[in-house]
Amino acid sequence: MTMTESMEHSTPGNGLAPVQRGLSGHLFSWMIVGFVVGWFVLYSALRLGGDAPNTAAMPAVVGGIVGAIAAVFVVAWVRRSIRDGRPLMQRARAVNPDALSSSDLAIVRLTWIVTFAAAIATAAITAIIALHWMRLTGTRPKSTALMIVWDAVVALWLLDEGRRIYAKVFDGVEALYFGCLLTAVLASIGIARNVVVAGQIALIAAVGIAAITIGLLRWRLSGARFLPVSIVIAAAVAVLSVVVPLTA
């Protein structure tokens with residue numbers, strides 16, 4: 001029995017617990033993703049328009065705010081579709097470990113271990129980058145400060161989701177998956193700007209492996225049908241995030 005099958009048979013009589021994260025949890029996760037996507041899109045547009053990195057960083061916050069607002073509407077739309085019985089995507093729920101196969105449990109165990117490890121690695125790398133930034137003389141780049149804040153948020157996010165995965169609650173992993181990919185892209189910008197290059201590469205490796213593992217978990221949660229596209233995408237983003245700035 002796959003995870004999906006065990007969730008579909010989740011009823012009070014068989015002891016399965018269809019626990020979901022509340023609305024505030026979904027909003028928080030997706031608003032973070034929306035903010036970073038919006039910021040990155042506007043930042044890239046300003047850079048293509050000729051703005052310097054430091055000049056483009058702060059105005060791009062407007063794009064982040066727009067992205068966060070858009071994420072709120074997306075969450076509301078998805079939740080309404082579920083309430084109306086027309087779900088746009090399959091959602092994961094907490095499951096009884098006794099209902100999972102040994103291979104399912106092994107994937108769950110691997111995912112929370114990797115997620116916790118990625119949280120520790122991200123926190124350590126963020127501290128190193130922050131220390132480097134504070135030791136700079138003259139004007140400190142605001143874009144690097146924003147990157148440090150985001151990396152710190154991701155470290156806490158990984159820790160929180162690792163705890164939830166350990167408790168067999170999976171309905172926040174989709175947002176974390178995209179959060180890891182965005183972190184890899186932002187670290188790629190750090191490499192291009194020569195900001196603690198070794199640390200950025202290590203960060204990409206940490207969040208990339210986490211995204212690959214989360215992609216594997218989501219693939220199992222959806223019934224392990226078709227090809228695990230999310231795994232391929234995560235691996236490609238991680239590799240390109242390192243290769244592109246080093247070869248450009």
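Residues numbered from 1 in each chain as written. Predicted model: local features only at pLDDT ≥ 70, side-chain atom pairs only at ≥ 80, totals over all residues. Heavy atoms only, no water.

1. Focus on the overall build of the protein chain
Heads up, the rule is: Helical segments are the DSSP runs of H or I of at least four residues, strand segments are the runs of E of at least two, and each set is numbered from the N terminus. Any residue under 20% of the maximum accessible area for its type is buried, any over 50% is exposed, and the rest in between are partly exposed; the area is computed with a 1.4 Å probe on protein chains only. Contact definition: two residues touch when any of their heavy atoms are within 4.5 Å. Each accessible area is a Shrake-Rupley estimate made with a 1.4 Å probe; only the visible protein chains count as cover when residues are assessed.
A tally of helices and strands in the protein chain yields 9 helices and 0 strands. If you list the helices and strands of the protein chain from N to C, you get α-α-α-α-α-α-α-α-α. Residues counted as buried form 44% of the 248 residues belonging to the protein chain. When contacts within the protein chain are restricted to residue pairs at least 6 apart in sequence, those whose partners lie at least 24 apart make up 76%. Looking at the protein chain as shown, the accessible area adds up to about 12200 Å², and 71% of this sits on carbon and sulfur atoms.

2. Concerning a nonpolar patch on the surface
Keep this limit in mind: For patches, a residue must show more than 30% relative accessible area and have no salt bridge; joins then use 9 Å for like charges and 5 Å for nonpolar side chains, namely Val, Leu, Ile, Met, Phe, Trp and Tyr. Between Lys or Arg on one side and Asp or Glu on the other, a salt bridge is scored when a side-chain nitrogen of the former is within 4 Å of a carboxyl oxygen of the latter.
A surface patch of nonpolar side chains, amounting to about 320 Å² of accessible area, comprises I65, I69 and F73. Counting through the fold element by element, I69 comes out in helix α4 (residues 60-83). We classify I69 as partly exposed; its relative accessible area is 46%.

3. A closer look at the confidence of the model for the protein chain
Note the cut-off: On a scale of 0 to 100, pLDDT captures the predictor's confidence in every residue.
Confidence in the prediction for the protein chain averages 79 pLDDT; 76% of positions are at 70 or higher. Segment residues 1-20: pLDDT under 50, and 46 contacts once partners within four positions in sequence are set aside and those in other chains are kept. Here residues 88-94 scores under 50 on pLDDT; set against residues more than four positions off or in separate chains, the count is 32 contacts.

4. Section: the side chain of T183
Let me state the cut-off plainly: Counting of polar contacts relies on pairs of N or O atoms within 3.5 Å, with two restrictions inside protein: one atom must be capable of donating a hydrogen and the other of accepting it, and residues adjacent in sequence are counted only when both atoms are side-chain atoms.
Locating T183 in the fold gives a position in helix α7 (residues 173-192). Its relative accessible area of 0% is what places T183 among the buried residues. Reaching out from T183, the side chain makes a polar contact with the backbone oxygen of G179 at a distance of 2.7 Å.

5. Considering the packing of aromatic side chains
The criterion, for reference: Think of it this way: a Phe, Tyr or Trp ring, Trp meaning its six-membered ring, pairs with another when their centres are within 6.5 Å, and the plane angle makes it stacked under 30 degrees, edge-to-face over 60, tilted otherwise.
Summed over the entire model, instances satisfying the criterion amount to 4 aromatic pairs. Ring geometry for W112 against F116: centres 5.8 Å apart, planes inclined by 75°, an arrangement best described as edge-to-face. On the criterion of helical spacing, the pair formed by W112 and F116 is a turn pair, its members being 4 residues apart in helix α5 (residues 102-134). A residue is classified by how much of its surface remains accessible, and W112, at 22% relative accessible area, is partly exposed. In this structure F116 comes out as partly exposed when scored by relative accessible area, which is 23%.

6. A closer look at the environment of A167
Turning to its location among the elements, A167 is positioned in the loop between α6 (142-166) and α7. Under the relative-accessibility criterion, A167 is labelled partly exposed at 47%. For the pair A167 and V108, spaced 59 residues apart in sequence, the C-alpha to C-alpha distance is 9.7 Å.

7. A look at the nonpolar core
For clarity, the cut-off: Among buried residues, the Ala, Val, Leu, Ile, Met, Phe, Trp, Tyr and Cys ones that are joined through side-chain atoms within 4.5 Å form a nonpolar core.
Counting 45 residues, the largest nonpolar core has W150, W157, L158, C180 and L217 as its most contacted members. Looking at this core, the elements that each hand over two or more residues are α2 (23-48), α5, α6, α7, α8 (197-221) and α9 (229-247). With 12 residues, the top contributor of residues to this core is α7. Apart from the residues within four sequence positions on either side, C180 is in contact with L158, V207, A210 and A211.

8. Overview of unusual backbone geometry
Excluding glycine, residues mostly have negative phi values, and the peptide bonds linking residues are mostly trans. The phi torsion at K168 lies on the positive side, around 65°, for a residue other than glycine. Assignment of secondary structure puts K168 in the loop between α6 and α7. The buried category is assigned to K168, whose relative accessible area is 15%. Positive phi outside glycine occurs at N194, with the angle close to 60°. Summarising the element assignment, N194 is placed in the loop between α7 and α8. With a relative accessible area of 59%, N194 lands in the exposed category.

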